[in-house]
Structures are given as C-alpha cells and as structure tokens.
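Chains, contacts and geometry: an overview
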Amino acid sequence: MEIITHDIIIIGAGLAGQMAALAASQSSDTAIVSKVHPIRSHSGAAQGGINASFGNVSDDDWEKHAFDTAKGSDYLADQDAVEILCKNITSRIVEIDHFGAIFDRMPDGRLAQRPFGGGSFPRTCYAGDATGHEMLNTLYEQLIKNNVRVYEEWLTTSLMVENNEYKGVLAINLKTGETAYFRSKAVIVATGGCGRVFERTTNSHQSTGDGISMAYRAGAQVCDMEFVQFHPTTLVGTNILISEAARGEGGFLMNSENKRFMESYAPSAKELAPRDIVVRSIQTEIEKGRGISGGEFVWLDLTSLGSEKLMEKLPQVYKLAKDFANVDAAQDCIPVQSAQHYTMGGIRTNNNCESSIKGLLACGECACVSVHGANRLGGNSLAETLVFGKIAGERALEYIRKKGTPGIQREAAEKEEERINHLFRSGDESVPELRKELQNIMWERAGIFRNESDSREALKAVKTLKKRYSNAGVKDSCRIFNTDLMQAIELGFLLDNAELIAQGALLRRESRGSHFRTDFPQRDDKNWLTHTIIAFKDGKPQVTFEPVRITLFKPEARKY
Amino acid sequence: MTEIKLIIFRYDPSKDEKPHYETYTVPWRQRLTVLDALNYIKENIDSSISFRQGCRSAICGSCAVRIEKRGCLACKTTIGEETREITIDPLNHYKVIRDLVVDLEPFYERMKQIQPYLVRNNTIAMTTKEMLIKPEDLAEAKNLRDCILCGSCFSDCNTLDVDNTFCGPAALVKTLRFASDPRDNNEGRLAQAVELGLYKCPVDQECEFACPKEINIRRGAIERLRYLAVQKELAPLPEHKKLINSVLDSGGIVPVKAKPATEMFPEYIKEFDGEPQAEVLLYLGCIINRRKQNVAAAIINIFQNNRIAVHLPGKVTCCGSPFMRIGQRDSMRPFVEKNFSIFNDYAARGITDVVTSCSGCNSTFRHDFPKLAKEFDIPMNFRIFDVGEYMYEKIALNVKGLKKTNIRAMYHYPCHIRASGLAEDIYIDLIQRIPGVELVKVPKSGYCCGGGGGVRAAFPELADRLAVRRIEIAKESGVDTLITNCPFCVLSFERVLGMKEERGEKMGFRIIDFYEMFSEAYSI
C-alpha cells in the first residue's frame, strides 16, 4: 500500500474544504483529498446567496444577523458560535471579493443584498442566482494560484484513529483503483451533507454523508442528526433546487384554489418565512387536497417579476425551469414540491472546529458547530463554509505545531483494505435496490412530518438494511474507475447517516425547527433545549445530551 | 411501452484491447434524460458501466459526454419520445480512462496556463470594505462566469482536432473574464492569448454549440479578445495586415483576376416573360464575384427559372467580415455605410429582399451589421436572406422537370450558414429535391473547412489540415463527393485537393457547389 505523507489532509473540496486548505497551506504542507474534482463539488449548486450584515440596503449589524439566525434555528443553535459566524462573515466576503468573486452590486458600487427567508432585512449578498458556483470558482482559482495539492477523484473510505487521536486516512484512487494510506498530523473533514439518504433531495449524487459516517465509525461525537432541512421549492419529479431567491425577489406560492396560502401560515413574512415553516405549509396544503390538480405540488409564481428582472436576477432559475421542467417561468407558474436540502446535524465540533477526536477537525455541512440549530436560514450555509473553513484551517495549523508525523496503523489499514476487497463478493443483495429502499423508507417515515411509530419503524428498517448490506456485492471486477464499488461504499455511509437521523428523530419528543413530531407538536424548552449527541463506543451507539449554549437571546415564541 | 436503444462506447483498459460499442434497451418515459437512462442501465442491466455524475442540474459539469458525437451534459439532454437510438461516446481529445470517463487533465492544464485567477497589484491592500465597483464595469466579466469547466468545448473544438497546442475555447473565455475585470492587473493576458492560439480559431462556433451553459464563446469571447488585442496593437497578425490591405485596395479579400460577375451581367436581370414572383437584390460577395463567376451565373439562372427578377448592383463593397473576424471592428464603418446605403436605396424603390450568395457575408450582415448600423444611426429598411434560404422559404420553388443527377455525396454544412441560424435541413432538403441524389449522413454537422476566422491567412497549414480532415471524414463514410454552398469552404477544399494533386497524390475526391448543381438540373 502506498504511503503518502502531508502535514494536514483535508477531505472534501467544496467551499469549506477549499477555504480550510487556503488557510492551512499558508504555512504547512497541506493536501486536499476529494472524491470529485474541486469544481464539481456540491457547493457549486448553492444558488441564492450568502448572508452578511453589511447593511448596504438597510441598517444592519452582526447582532441582528445573530438574532435572526438564533430565532431561525428555533433556539437550538449555540449562540457563541452564531456570534463568531455573524461577526466574521463580512470580512470573509470582503476577502473573497478581493480574490475576484463577482458579486452583484448596487449602482454606487457596494455589494447588493437581497431579502431571504427568516431575515429581518435584505442581508443576502449574491452573484445572480449562482452564488455557490461563483464562490467555488473563485476559491478554486486561489487554490491554483497557491499551488495547493489536490488528490482529485480519491474516495476516502475511513479515518485511522487510535486512543481517540487521529492518525491517518485511507483512500482509493478511483482512476487506478489502488488504495493509499495518507499520513498526516491533522485531518479536516469537509465532505458535505447526506441528502442522498432521502428519496427526494436537491443534493448531488455525491452527497452521501461520507465524513459524518467515517467520523462516527472512528468514535467521534455526532450531533443533532434528526434536524434535516427540507427546501420548499424544488422541481416536481427531479427535485432540482429552485432558489429561495425566487421568493426573495418577489415570487409567491399558490395552491389549487389560486390562493397565496402562505398568508395564513405566516401572515407577516409570508413566502419569506424560514424554510421549515414554508415546507410544512406546502405539505399541509397538499395533504388537505389543495395541491395542484390534487397532486403533490403547488405553484411557484414568478410571472409578476417580468422577464427582464427574471433574466437579470434569476437567470439560472429561469433556465432550470426551462431545461428540466419545460416551463417558461416568465409566462407560467413553476410546479414545485419540497425535498431534502441540507443536513443541519453532523460531526460535533467546538467553536474551533475540533471534534471529540484529537487532530480531527470538521467544517461546513458535515460539521455541527452548531450555528444552524434546528433550522438553517437560507444564505447561512455559504457563510458557515467561509467562516468556519478558515477557522478550521488556522486551528489545524496551531494543532500540528507541536505534533510529529504519526506512525502507520498498519493493522487497521490492512483490515480496512480487506473490508473493501470483501465488497467484491458475489452477494445476494443489490446496492441500487438497497439504496432505493433506504431512500423510500426515510422519505416516508423520517421526512417532513414524523411520529413515534414512524421513527421506530424507520430505525428498524435501517438496521435491517444494514444487515442486508453486509450481503451486498460489487459485480464489477475491474478496479479502474469502478463506480459500482464507489456506490457500494457510499451506501455504507448513507446507512450510518440514516440510522443517526432515525435515532435522533425517535429520541426527540418535541417539535423544533425542521423536526416536527405530530405526536409532540410543541417546542419543549424545559426538556429539549439540548443537542442530541450520539457516539459509537464499545460496539454500539451511545446517546448523551448537551445543553444549548444560550449567550445572547433568550428563547421566545417563533412567529413570522 | 416505448423503448429506446442506447449505443454506448465501452472500454475497460484492464481487459479490452480496443473499445467497442454495446447496445442497451431502456424504457422511455416523459422527461427521461440521458443521465437517467445511463443510471437505469447501471442499476438494472449492467452495473459495470462507468460514467461520472453529480448534481444532475447542469451546474457541476461532471456528466459531460458526447451524444450523437457532440459534447454536452447527459443530465441536460432530454430524450424525445420519437427517439429510437442514441449513441453515447466519451468526450473527444482526452484519454479514455474507462467507458465514458475521460482524463480531463489536458483541459485543466490549458486552463492553468492562463493564470486563471485575479492578479492584483500589491499596492491595493485588503481593506475591511468591499471594493467599490460599478455594476456596469463588471458586466462583461459577469457574462463570462457561467463556465462550469465541463470540457465539452475542448472536446468538440475543430482546431484541436489538428493542432493540440491550441489552448481551447474555455481558456480563452477565462482569459477575457479576467482581462475585463477592472480589479485585474495582469497586463499580459491579451499577449498571452495571442500566443496560445487566439487566432487559430476559425470561428466555426462548434464550441458554442457544445457549451451547455450557452456561453457566447465566439463573438462574446474570441472575437472580443481579438478586438481588444487590436486595440493594444498586439494584432492583427502580419499576414492579416496583408489581407486587410487587399480589401482596402480592391474591395475584396481575393484580387480581381478575371472580369467580375457584376460586369458580366447587367444591373437588372429578368429573362422571363410576365410578372416576376419576386424581385431581389443579389449581393454576391467578393469570392463569387471575382473567382466563381459560374456560381454567380448559376444563382441567376436558378432565380430566372423561378421567375425572380434580380438586381445586381456593381458598386457594393466588401462585407467587412475579414475585419470583424480578426478584431478590426473599428474599421467597419465605411462597409456598413456604403453597403447599407445602397441596400436602403433599393428598398426605397420597393426591393427590400437582399439575398447573399456567400455565407460569410450573410452572417456578417445578419449579426454584426445591425449592431453597427445602430451605433452609426443607419436605418435598415430591408431584410437579409441567403440564396438557399430564399429558395426554401420565400418562394414556391420550381422543381418540375429537374434533371436527374446520379450522385452519392455528403453535404458540408458551412459554419457561417449555421451562425446565421439557418438549419442544415434546409439545404439537405433542397439538395434532395434533385432526383438521383443520394446524401450520406455526416457523423456530426459542424466539421470545419479551415477557411474561416482569418486562420487561412495566418496559419495556412492549420487551415489545410482542417480541410483535409473534413475530406477524410467524408471518405471514412464511404463518400467521394462533398456538396456545399459556401465559397470559403469550396476554396479551402479545392486548395488542398489541388496541392495533393500537384504532389501526385490521387485523391479521387470532388467538391460540388450546390448552386451550380441545382442550376445544372434546370438545363434540359
């Protein structure tokens, strides 16, 4: 097995990973290991924008941003982490602006800001409706400029940990099929979310929760996995994202009776209520038979924007509707439904992005700092990647200062290699079949509305699927670019993520943010102002609860 | 249930000596994309098939492949119900890793060559505030930001077929993205673009047709970079200057050697009795007027056979296309003024249809002149047509008694015709109205003759290789005749065939001008 040595390894090349790499590579030998080329990362699909209290459009400051974030999180976010996010994000945007990102601007040359769900002011900076694409390109350009080493199309399969201390990473070079052992003093996990757990998701095929699962298997604490964000507006059938910017720019939602139904669910914010509220409103309309033609979708009406504004502010939305739903959004309504969109939970970290395992850091969607709590505000995920990506990179630099290069975990590595080789068995179960079953059950039983028996059933089903997975085989025997093998490994990751989600959903007997239990429809601050922490110890999941850090704003009723 | 066949390129380097195709049958449904079909195959028929995929919404660029030989995204390509068969290949110009997965390294490397990042003066310190930039100052750069680096343009680039030192379209788009950013201080970008092959592009737009993000690569990036290079006196290239001088001296890119057609024919040609079906102004363009007088005669004959009266003004000047193509936009005024004032004069007399016989002139009149005319405040009281387009769309074409012509050939679709928005099918349909003609389908429309964009003048060997390549593609399809309707294409092909013959190589290949063939079919 090839041994590759660097000071710091970063797994994942999305915005958080690239930001971490730019920081860490300033004074260390840093390398990114990513299962896709950096520019293919799912960060690029982020559309609407990034929140920062520049106050260019109306008076704003970091505290107002923090308040909206905490309230949006249904008070589950750790407010000291939120403070870090909201205080630092303006500098990070200035930095990426200086790197060359082309954000939309106001006539006087300052950054333009648009309204977004759950925000009290127009606070969302944007690059048309392809903000993630713009930022990802800009950071990638900086990676090239700074000559950062990238192992692209290397699929990481496990983290080597001994005595609760990180030692190395095992990864497969997809182009050759060969496994290598990456030895480094620290690792930053930045692998994104696990949207593919669900049948309906806006996420890329790549979003399989690899880092969360690997860290969990290695013994790290995983936090708040029951909080899964569903996005209100995705194209029917394909569930391709239609940005919140569509509503921020003035689009509205209509039911089969041509009624702007959000008026009755969130009288003041209407379509710009936080996502969890809009999603449940849409789902309620559909369940009450007011979906369009009785179907599972409602209308997103952008016709009032006029074709000029549509093309200027929402060109991608226009094209997506045209290319993937055959709808001319300037003339007709877009049929939309809700789908999984974001993973609020993840690897538990402190405010320095450090996990419960020494030398293992995490940032971005795979991490749970937690700044999003029970519901993330649109525009805060890109903000998190920049702020905490940079902190992770800087913290890793500090951590490795006194560290020597760790020894090689030969036995563990061989065991892992054996596990991968063992996947080339002729199993009775098919990977796509199991994946489909998993995605269906999770959507049905652990989706927008949950209850005790559904959650129990989901958990049971996932455990059964895990057993069946041990009898699933990879038929393709060629080692070169074996996507059959890749999907089998990814299914293993998905199953862990699903188990954590289902378990969290079962445990949390209240409704908060995105987690809605029909049998416990109220928020319960007395018993549940806590994070759900699950860690794999002694061969089984151990559950603990950790109080939320309330430092700025006392929880109050959440009205929009 | 409707089914479709996917014919897929397969190659497993660990056991296959060479690639082969495998055919899979997939059930059709509404809005089925090629990526859906590939996943169907992988999940239900053959799990070993390898392809990349990601966002399935045309933003990550992972799933770029060639569908019917053209680069595109599998996720963005919807399969229509009437489709029976689709051929899927890996992108071209890259090494195949396995099946549809290619190694994009050459593409990424070319991109890295151009310093694809903002270069800033160290004197501008990072401030705590965003930079103040007016939206209009970022407008051009913003328009070029849609590129997702999928590599489709690089795959389909004609120049890269015969010259792998060319940096490719995406690197040029990226160059302009930074060159047009007021924050960028890399003064060397344009010189570097010229060095990396800015003038090696025959402006055939093949890249643009492949681009899934519909980036205006040719006019918006390549010709714009050429314009900026001219502003900075990095261009035109010496060979282009000669070409320009020839136009300025004689009003055309080819010198006058024989009597021009405009002098052979009267200004007004109506050789039939009775009322004309239509009356047009025929703009021949310099090549047909000075070199291909028989094509001019053929077109006039076609029009006479269709009761179309022709006006052939002698005083028109060059269309200016060579200037536009190499970046001399600022020299265009006299061409627009002179030609359009003549066209407007005829329009004032009721002759509002201007028909061009050269596709280069047509494309320039259609795309560049209206913008320029607006800038110069010149009205446009007429409409521009191509001869073929006019035959097909404007008149009831007389096809009675067309003489049988026994010929097996391939149609070469000129890029300027395509750039004018005229479908290939128009010309294929016209050709097939001549009895006896058997047309063999081209593997992909959009192969280049090498004659456009000033490439022939500056890089004659590159242009020749493109022409030879096009002929070879026809021969590989078992055809020894190309029919086309652009004088640039005809000259390009005749040139390489002539050169080969001089060297004693028997090509056994011929080029037929569509108008001559059609005119011939009228003569009984």
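You'll find the structure just up there.
Report on the accompanying structure. (Residues numbered from 1 in each chain as written. Chains lettered and ligands numbered in written order. Predicted model: local features only at pLDDT ≥ 70, side-chain atom pairs only at ≥ 80, totals over all residues. Heavy atoms only, no water.)

Quick word on the nonpolar core
Residues and elements named next belong to chain A. This is how the line gets drawn: Working definition of a nonpolar core: buried Ala, Val, Leu, Ile, Met, Phe, Trp, Tyr and Cys residues. They are joined through side-chain atoms within 4.5 Å. The cut-offs for exposure are 20% and 50% of the maximum accessible area for each residue type, with area from a 1.4 Å probe on protein chains only; residues under the lower value are buried, those over the upper are exposed, and the others partly exposed. Here, residues are in contact when the closest pair of their heavy atoms is within 4.5 Å.
Residues Ile50 and Ile334 are the most contacted members of the largest nonpolar core, which totals 215 residues. Discounting residues that sit within four places of it in the chain, isoleucine 334 has contacts with Leu235, Val298, Trp299, Leu300, Leu302, Val317, Ala321, Val327 and Ala329. Grouped together as the second largest cluster of nonpolar side chains are 75 residues, Val197, Leu423, Val431 and Ala502 included.

Examining the packing of helix H17 (residues 387–394) of chain B against helix H19 (residues 424–432) of chain B
For any two helices packed against each other, the geometry is given by the interaxial angle and the distance between the axes. Residue and element names in this part refer to chain B. Short version of the rule: A fitted line through C-alpha atoms serves as each axis, taken over the contacting stretch for helices, and the angle formed by two N-to-C directions is quoted from 0 to 180°. Secondary structure elements follow DSSP: runs of H or I no shorter than four residues count as helices, runs of E no shorter than two count as strands, and numbering proceeds from the N terminus. Angular relationships are summarised with four words: roughly parallel below 35 degrees, roughly antiparallel beyond 145, roughly perpendicular across 65 to 115, and oblique for the angles in between. The residue classification treats Ala, Val, Leu, Ile, Met, Phe, Trp, Tyr, Cys and Pro as nonpolar and Asp, Glu, Lys and Arg as charged. All others, Gly included, are polar.
Contact geometry of H17 with H19 gives a least axis separation of 10 Å together with a crossing angle of 75°. As far as their axial angle goes, H19 and H17 are roughly perpendicular. In this structure, H17 contributes Gly388, Glu389, Met391, Tyr392 and Glu393 to the contact, and H19 contributes Ile426, Tyr427, Asp429 and Leu430. For the contact of H17 with H19, the class distribution of residues is five nonpolar, one polar and three charged.

Looking at the interface of chain A and chain B
Often the size quoted for an interface is simply the accessible area lost on bringing the parts together. Stated precisely, the cut-off is as follows: A quick way to say it: buried area is the sum, across both parts, of accessible area lost when two parts are put together, with a 1.4 Å probe. We define a salt bridge as a side-chain nitrogen of Lys or Arg found within 4 Å of a carboxyl oxygen belonging to Asp or Glu. Here a polar contact is recorded for every N or O atom pair within 3.5 Å, except that within protein the pair must consist of a potential hydrogen donor and a potential acceptor, and residues adjacent in sequence are included only if both atoms are side-chain atoms.
With 64 residues of chain A at the interface, the matching set in chain B holds 65 residues. Between chain A and chain B lies a buried interface of about 5200 Å² when both sides are counted; carbon and sulfur atoms form 51% of it. Three residues stand out in chain A for area buried against chain B, namely A:Arg40, A:His98 and A:Ile102, and they jointly supply 15% of the buried area on that side. At the surface where chain A touches chain B, the tally comes to ten salt bridges. The residue A:Lys436 makes a salt bridge to B:Glu43 at a minimum N-O spacing of 3.3 Å. Here chain A and chain B share 37 residue pairs in polar contact (both at pLDDT 80 or more) between them. Breaking the side of chain A that touches chain B down by element, the ones donating at least two residues are helix H3 (79–99), helix H4 (131–145), helix H10 (315–325), helix H13 (431–445) and helix H15 (483–507) of chain A. The element best represented in the side of chain A that touches chain B is H4(A), accounting for nine residues.

Re the layout of surface pockets
All names here are of chain A. The cut-off we apply is this: A cavity here means a set of points on a 1 Å grid, drawn over the protein atoms and nothing else, where a 1.4 Å probe fits but cannot get out; a pocket is an open set with protein on both sides within 12 Å along at least five of seven lines, and a residue lines either one if it has an atom within 4 Å of a point. Grid points are joined across faces, edges and corners, and a volume is the space filled by probe spheres set on the points.
Roughly 840 Å³ of volume is contained in the second largest pocket. Lining the second largest pocket are 26 residues, and of these Ser158, Arg217, Lys415, Glu416 and Arg419 sit closest to its centre. Going through the elements one at a time, strand S8 (154–162), helix H5 (210–217), helix H12 (410–422), helix H14 (452–469) and H15 are the ones with two or more residues in the lining of the second largest pocket. By residue number, the principal contributor to the lining of the second largest pocket is H12, which donates six residues. Residues that form the lining of the second largest pocket fall into these classes: eleven nonpolar, six polar and nine charged.

Quick word on empty space enclosed by the protein
Residue and element names in this part refer to chain B. A full pass over the atoms with the stated rule returns 13 cavities of 30 Å³ or more. Of the volumes computed, that of the second largest cavity is approximately 120 Å³. Contributing to the lining of the second largest cavity are 15 residues, with Cys147, Cys153, Ala170, Cys211 and Ile215 lying nearest its centre. Those elements that place two or more of their residues in the lining of the second largest cavity are helix H4 (152–156) and helix H6 (169–179). Here the lining of the second largest cavity is built from residues that sort into twelve nonpolar, two polar and one charged.

Some details on the pattern of salt bridges
For side chains of opposite charge, pairing can occur when their charged atoms come near one another. Residue and element names in this part refer to chain A. The final tally for this structure, using the stated rule, is 92 salt bridges over all chains. Salt-bridge contacts for arginine 509 lead to glutamate 452; the nearest nitrogen and oxygen are separated by 3.1 Å. Of this pair, arginine 509 sits in the loop between H15 and strand S21 (516–517) while glutamate 452 sits in helix H14, placing them 57 residues apart in sequence. In this structure glutamate 452 comes out as buried when scored by relative accessible area, which is 18%. The residue arginine 517 makes a salt bridge to aspartate 519 at a minimum N-O spacing of 2.9 Å. Its relative accessible area of 0% is what places arginine 517 among the buried residues.

Focus: the side chain of B:Arg110
Of note, B:Arg110 is situated in helix H2 (residues 105–113). Excluding anything up to four places from it in sequence, B:Arg110 contacts B:Phe154, B:Leu160, B:Asn164, B:Thr165, B:Phe166, B:Cys167 and B:Ala171.

Details of unusual backbone geometry
A cis geometry characterises the amide bond from A:Val369 onward to A:Ser370, with omega recorded as 15°. Topologically, A:Ser370 is positioned in the loop between strand S19 (367–368) and helix H11 (380–400). Between B:Ala235 and the following residue, B:Pro236, the backbone shows a cis peptide bond with an omega angle of 0°. Position of B:Pro236 relative to the elements: it lies in the loop between helix H9 (217–231) and helix H10 (238–250). Despite not being glycine, B:Lys69 shows a phi value in the positive range, around 75°. Residue position: B:Lys69 is located in the loop between strand S3 (64–67) and strand S4 (70–73). Since its relative accessible area comes to 26%, B:Lys69 is described here as partly exposed.

Observations concerning the pairing of strand S2 (residues 8–11) of chain A
All names here are of chain A. Inclusion rule: A pair of strands is considered paired only if DSSP assigns at least 2 bridges between the two.
Judged by which residues are buried, S2 turns out to be covered on both faces: Ile8 and Ile10 on one side and Ile9 and Ile11 on the other are all buried. Pairing of S2 with strand S3 (residues 30–34), which is carried by four bridges, proceeds in the parallel orientation. Residue isoleucine 11 lies in a different strand from S3, and its bridge partner there is valine 33. Across four bridges, the pairing between S2 and strand S11 (residues 186–189) is parallel. The residue bridging isoleucine 8 from the neighbouring strand is alanine 186, located in S11.

A few points about the packing of aromatic side chains
Keep this limit in mind: A pair of aromatic rings is counted whenever rings of Phe, Tyr or Trp (Trp by its six-membered ring) have centres within 6.5 Å, and the orientation is called stacked for planes under 30 degrees apart, edge-to-face for over 60 and tilted otherwise. Remark: a charge is flagged as sitting over a ring if the NZ atom of Lys or the CZ atom of Arg is within 6 Å of the ring centre and within 35 degrees of the ring normal.
All told, the structure shown has 32 aromatic pairs over all chains when counted by the stated rule. Consider the rings of B:Phe385 and B:Tyr390, whose centres lie 5.1 Å apart with planes at 75°: the pair is edge-to-face. Accessibility assignment for this pair places B:Phe385 and B:Tyr390 in one class, buried. An aromatic cluster is defined as three or more aromatic residues linked by ring pairs; in this entry it consists of B:Tyr283, B:Phe340, B:Phe343, B:Phe365, B:Phe369 and B:Phe382. Positioned over the ring face of A:Tyr126 is A:Arg114, at 3.8 Å from the centre of the ring. Sitting over the face of the ring of A:Tyr151, A:Arg149 holds its NZ or CZ atom 4.1 Å from the ring centroid.

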